[in-house]
Each structure stands twice: as C-alpha cells, then as structure tokens.
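Architecture and fold: a report
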Amino acid sequence: MTAPTTSAILHRSLEKEYPTASAGDGVYLRTADGRRIFDGSSGAAVSCLGHGNAEVIDAICAQARALAFAHSSFFTSDPAEDLARVVLEQSRGAFARVLWLGSGSEAVESALKLARQHHVFRGEPERVHFVGRRHSYHGNTLGALAAGNNPGRRKVYEPILAPAFRHVGRCFYDADGKGLAEEEYEDQRIAEYEAEFLRLGPRTVAAVILEPVVGATLGSVPATKNYLGRLSELCKRYGILTIFDEVMCGMGRVGTYHAWQSLGNVSPDLQTVGKGLGAGYQPLSAVLIGKTVCDTFMGHSKGAQAFLSGHTFQGHSIACASALAVQKIIARDGLVANCQKMGEVLHASIKASMPSKFFENGGSLRGLGLFRTVDFGTLGEVCGGPLGKEVSQKAFDLGAAVYLCSSAVDGILICPPYIMSEAETKELASIFVEAFKQVLASRCA
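The sections below set out a description of the structure shown in this document.

What counts and what doesn't
- Residues numbered from 1 in each chain as written.
- Predicted model: local features only at pLDDT ≥ 70, side-chain atom pairs only at ≥ 80, totals over all residues.
- Heavy atoms only, no water.
- Helix = DSSP H or I, 4+ residues; strand = E, 2+ residues; numbered from the N terminus.
- Rg over C-alpha atoms; globule rule 2.2 N^0.38 Å.
- Buried < 20%, exposed > 50% of the residue type's maximum accessible area, 1.4 Å probe, protein only.
- Areas by Shrake-Rupley, 256 points an atom, 1.4 Å probe, with all protein chains shown as cover.
- Lys, Arg positive; Asp, Glu negative; His and termini not counted.
- Charge placed at Lys NZ, Arg CZ, Asp CG, Glu CD.
- Contact = heavy atoms within 4.5 Å.
- Core = buried A, V, L, I, M, F, W, Y, C linked by side-chain atoms within 4.5 Å.
- Axes fitted to C-alpha atoms, helices over the stretch in contact; angles between N-to-C directions.
- Parallel < 35°, antiparallel > 145°, perpendicular 65-115°, else oblique.
- Left-handed = near helix turned anticlockwise from the far one by under 90°.
- Nonpolar A, V, L, I, M, F, W, Y, C, P; charged D, E, K, R; others polar.
- Pairing = 2+ DSSP bridges.
- 1 Å grid on protein atoms, 1.4 Å probe; cavity = no way out; pocket = protein on both sides within 12 Å on 5 of 7 lines; lining within 4 Å.
- Points joined across faces, edges and corners; volume = space filled by probe spheres on them.
- Disulfide = S-S within 2.5 Å.

Here we take up the overall build of the protein chain. Helices and strands together make up the secondary structure of the protein chain, namely 16 helices and 17 strands. In terms of overall dimensions, the protein chain is globule-like: its C-alpha atoms have a radius of gyration of 22 Å, near the 22 Å expected for 445 residues. Along the first, second and third principal axes, the C-alpha set of the protein chain runs to 70 × 60 × 45 Å. By the burial criterion, 54% of the 445 residues in the protein chain qualify as buried. Of the roughly 19,200 Å² that the protein chain leaves accessible, carbon and sulfur atoms contribute 53%. Distance between charge centres in the protein chain, computed from 44 positive and 44 negative side chains, equals 2 Å.

What follows is the structure, encoded as structure tokens:
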C-alpha cells in the first residue's frame, strides 16, 4: 500500500492510501499484500472479460511483434479494419463507418465535432448549440464536461465551459414521475426538448447528446420505453442530430450489444463507445457513424473542406488487435446473453437478502443486464446521512469493489464482468448485502 505522501503520482484522491493491484485472474484482482478482491464494478464498467484472458493477451503480444504503431495520417492497419467490420456487422446496419480513438472523452469530443462539421458541410453553419441533460456525464475534457451536467465535476470549471451547451431535464421516471403514467412523463420530457429548441431557434441546434442508460451520475437509469424513439423523431423534424453516449452502458453491458436496442431499438446518428469495447486490455474508444452523417462526409470532406481532426494514437494497432479479440470472444461465448441472465440473478439475489428497513425507506434496485444500482432511497435521512460511501468501503474491506454513484443519488453501481457464473454472481451479491447490513447495524442500531 502506497501513502499519498510517498507516491510520485498525483492520485485521484490525495486523502487516501491506495492498495497496489498486482495481478488479476477472472473476476478477481489481487493486491500486493495478498488480498483477493472481487471486481464487482469491472473497474468502471471496463473489464468485461475479467482479468488475465490468455486469448486477448496473446493477440496483444502477436500484434506488438508484428506492428506496434503506424500513424493514421500515413497508414491503416489490418486490426483496425477488421475490428471496424466486426463492430458494424454486430450493429446490424445501424452504422456505416467507425472512427477509432483512445478514451471516452476523446470519442465524445469527436462526435461533437462530427456533428458540427456535418451541418457546416450542408450549408448550415448557424447550428452551434448542443442540448444535453441535467445529471449526465460525458467525459472529463472541457468539451465533454460542458456537454454533460454532473454538478460536482463541473463546478470549478464552469466559468471556462463553452456556452454552446444547454441542458434539459433528466429522464428518471421512477424518481420524477410520481402520479404520472409513463407516457405522460415522456410527453413532458419531449415537450421540454422542443421548448428548448424553439427558445434557441431550431436551426441553431446541431445535436442532442444523452446516455440511453445513465451511468454512475444517477446509477444505471434507463430511458423510458418510447423516449429515445420520440426524441429521435422530434430531432429529425428540426434537422437536429442525435448522439447517444454509450461509453459506459454499451457494447453488451445491458444485455444487448447497444443499449438503445433494449430501449425501443432506435439507432442514433452518432454513437460513442469505449470501456467494454476493449475490456481494459488496451485503451480504446470509438465513434460509430450513421449513414446520414457518413454520406455527408463522403460527399464533402475533400480538399480545403476536409475534416481536420485527429489524435496521435487513434486506430492504434495493438489496441485494435486487443479489442478485436475481445469482441470475438464476446460473440463466440454468448456473453451479451450472459449479461442479461446474470443481471437477473444479481437483482434477485440482492433483493431477496436486503432487510425490510431498506424497502421501508424507499430503497430500490434498478438497471438492465449487468448494469445495476442499489439506491438507498431516504434511508440515509434516518441513519445519519448518505450510506453509499461507507457501504462501498465496507464492501471493499470484505473483498468486493463496487462503484459509488455521484452525490445526486445515495447509491452503489454494480457492474461486474460479462463472464460471471451464477455462483460468482451470488457471491458478489452476498458480499454486498453483508456490507450493507454491517453499515446499517452500526448506523441504525
């Protein structure tokens, strides 16, 4: 364990000591002092194949021996081309091209630029606004931070964030839709978008950006069943593009290859993916480009008007070879379906073991696939304050890493690897419930 005062790294927190992760095997990580930790959140919904997968490691080594890096301004590579074809085939015609990048934030920044350039190519340079949602998260770079609306992350940087980004209300029916039928709640959300378009001037709006299933900011909150389709229809009416950010919730995590396939099956114009794309074996993200935007670029991105945007490591050969192996394993081993199955086991196992006090105080479980959140509701109000941070730490002490949600909710995000067996799923649920019970006993004795 390295104390922040002795480490040479500027860690995420300068107030805690970090154990050193020294090895990984399947769904477990091992620390330098010999502890075994269940990776109950896949890091941050990243390590979907778990740790130490020999096929992926072999693919990385083979590619490193053949070609580690060739700059994308000069060359393409077989792994980059092959991976693009695999992802497009798995997307069943929803997208026409892929742009490889290195992080989720890079992917979001690039999607925003693609949307802007699309309109410029079409002779509509006045389209300069982007509409996101409150309590959303799209990345940590300044453009991505402006597109999102995670108050804690934005606060310090608010004065330097671009004013081109506006935000409407979240889609969180369980929390905000009391007394309304789901369709009535959707009516309100879509009407709010249209009012914002009209306020800005519809011909000044370039795109909307949203997470089909919100990540840790709210805790795996899926859009209502017709929300994405209705929003897409509204945007088409005004010539506005849709950007779905599936960096965290996509690539099989919710039990379908893309999260929108579980939520009405309406594809976006642009989609960002990451995390589960390469499973953490190498950093990789992407923008998936729909036919409308692709056709615009194919017709206009030439000569002096060419799209000028590139990153040194985009299309990195080793990263693409690694992700190609990951995606082939996911398809071959039926791991997207396993996400759906084990997600139901996880939900049922936790729900059956939680004490009555949890439910009596508005506690709930939500999510899709292996993207699940335990929300403590109002329990913190009668037990000395929010519980999430303490439950997360207690779970880690008992041998499982789970992900603390933002301060917008008092909850824990549980998103383990896709390779989970039923026994492992029940083990994780058991550790989590025990952690919760211990915290509850100490707080509310």
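Position of M248 relative to the elements: it lies in the loop between β10 (241–246) and β11 (270–273). Take M248: its relative accessible area is 15%, and that puts it in the buried class. When the C-alpha atoms of M248 and R92 are compared, they prove to be 21 Å apart, with 156 residues separating the residues in sequence. Excluding residues that lie within four positions of it along the chain, M248 makes contacts with A44, A45, G215, A216, R253, K275, F371 and L413.

So, on to the environment of A66. By the element assignment, A66 lies in helix α2 (residues 54–66). Taking the C-alpha atoms as reference, A66 lies 9.6 Å from S317; in sequence the two are 251 residues apart.

So, about the nonpolar core. When a protein is soluble and globular, its nonpolar side chains tend to lie buried together. Among the nonpolar cores identified, the biggest contains 59 residues, and W100, Y193, F197, V208, L231, L277 and F371 are the most heavily contacted of them. No other element matches helix α9 (residues 227–238), which puts 6 residues into this core. The contacts of W100, once residues within four sequence positions are left out, are A80, L83, A84, V87, L277, L284, S285, A286, Q314, G315 and C320. I330, L346, F376 and L387 belong to the second-largest nonpolar core, a separate cluster that totals 47 residues.

Look at helix α4 (residues 104–121) against helix α10 (residues 291–300): their axes get within 10 Å of each other, and the N-to-C directions meet at 60°. Looking at the two axes, α4 sits oblique to α10. At the point where α4 passes α10, the crossing takes the left-handed sense. Residues L114, Q117, H118 and F121 of α4 touch α10, and the partners they reach there are T292, V293, T296, F297 and H300. Class assignment for the residues of the contact of α4 with α10 results in 4 nonpolar, 5 polar and no charged.

The next thing to look at is the sheet that holds strand β17 (residues 411–414). What links the strands of a sheet is backbone hydrogen bonding, and the strands pair in either a parallel or an antiparallel sense. Taken in spatial order, the 4 strands line up as β13-β14-β17-β16 in an open sheet, and their pairing is antiparallel. On the outer flanks of this sheet lie β13 (364–368) and β16 (403–404), each paired with one strand and no other. Across 2 bridges, β16 lies against β17 in antiparallel orientation. Paired with L404 across the strands is I412, a residue of β17.

With that out of the way, let us pick up the sheet that holds strand β7 (residues 205–210). Pairing is mixed in the open sheet, where 7 strands are placed in the order β4-β12-β11-β10-β7-β5-β6. Bordering the open sheet on either side are β4 (97–101) and β6 (165–168), each of which pairs with just one other strand. Adjacent strand axes in the sheet meet at a mean angle of 20°, parallel and antiparallel pairs treated alike. Bridge analysis of β11 against strand β12 (residues 285–289) gives 4 bridges, and the strand direction is antiparallel. Counted as the bridge partner of L270 is I289 from β12. Against the sheet, helix α3 (residues 78–90) contacts β4 and β12, and its axis sits at roughly 125° relative to β4.

Right, let's get into the layout of surface pockets. Over the atoms, a rolling probe the size of a water molecule traces out where space has been left empty. Its boundaries defined by the atoms lining it, the second largest pocket holds a volume of some 900 Å³. Counting residues per element, the ones that place at least two in the lining of the second largest pocket are α3, β4 and α10. Considering each element in turn, the lining of the second largest pocket owes the most residues, 5 residues, to α3. Grouping the amino acids of the lining of the second largest pocket by side-chain chemistry returns 17 nonpolar, 12 polar and 3 charged.

Before going further, it helps to examine the state of the cysteines. Scanning the entire structure with this criterion turns up 1 disulfide. There is a disulfide in this structure between C383 and C444, and the S-S distance comes to 1.7 Å. Note that C383 is positioned in the loop between α14 (379–382) and α15 (388–398) and C444 in the segment after α16 (422–443), a separation of 61 residues in sequence. A residue is classified by how much of its surface remains accessible, and C383, at 1% relative accessible area, is buried. Residue classification places C444 among the partly exposed residues on the basis of a relative accessible area of 24%. C48 forms no disulfide, and the closest cysteine sulfur to it belongs to C339, at a distance of 7.8 Å. Among the residues examined, C48 registers a relative accessible area of 0% and is labelled buried. Here C320 stays free of any disulfide, with the sulfur of C48 as its closest cysteine sulfur at 15 Å.

In this section: the packing of helix α12 (residues 335–353) against α16. Close contact between α12 and α16 brings their axes to 9 Å; oriented N to C, the two are set at 35°. Relative to α16, α12 is oriented so that their crossing is right-handed. Each of M342, V345, L346, S349, I350 and S353 in α12 lies in contact with α16, whose residues at this interface are E422, T425, K426, L428, A429, F432, V433 and K437. Grouping the amino acids of the contact of α12 with α16 by side-chain chemistry returns 8 nonpolar, 3 polar and 3 charged.

Glancing now at empty space enclosed by the protein. Scanning the model with the defined rule gives 1 cavity of 30 Å³ or more in all. Of the pockets and cavities examined, the largest cavity occupies roughly 40 Å³. Lining the largest cavity are L346, H347, I350, L365, R366, R372, T373, V374 and I414. Within the residue set of the lining of the largest cavity, elements represented by two or more residues are α12, β13 and β14 (371–375). Partitioning the lining of the largest cavity into residue classes produces 5 nonpolar, 2 polar and 2 charged.

As far as function goes, none of this settles anything; it's purely spatial.
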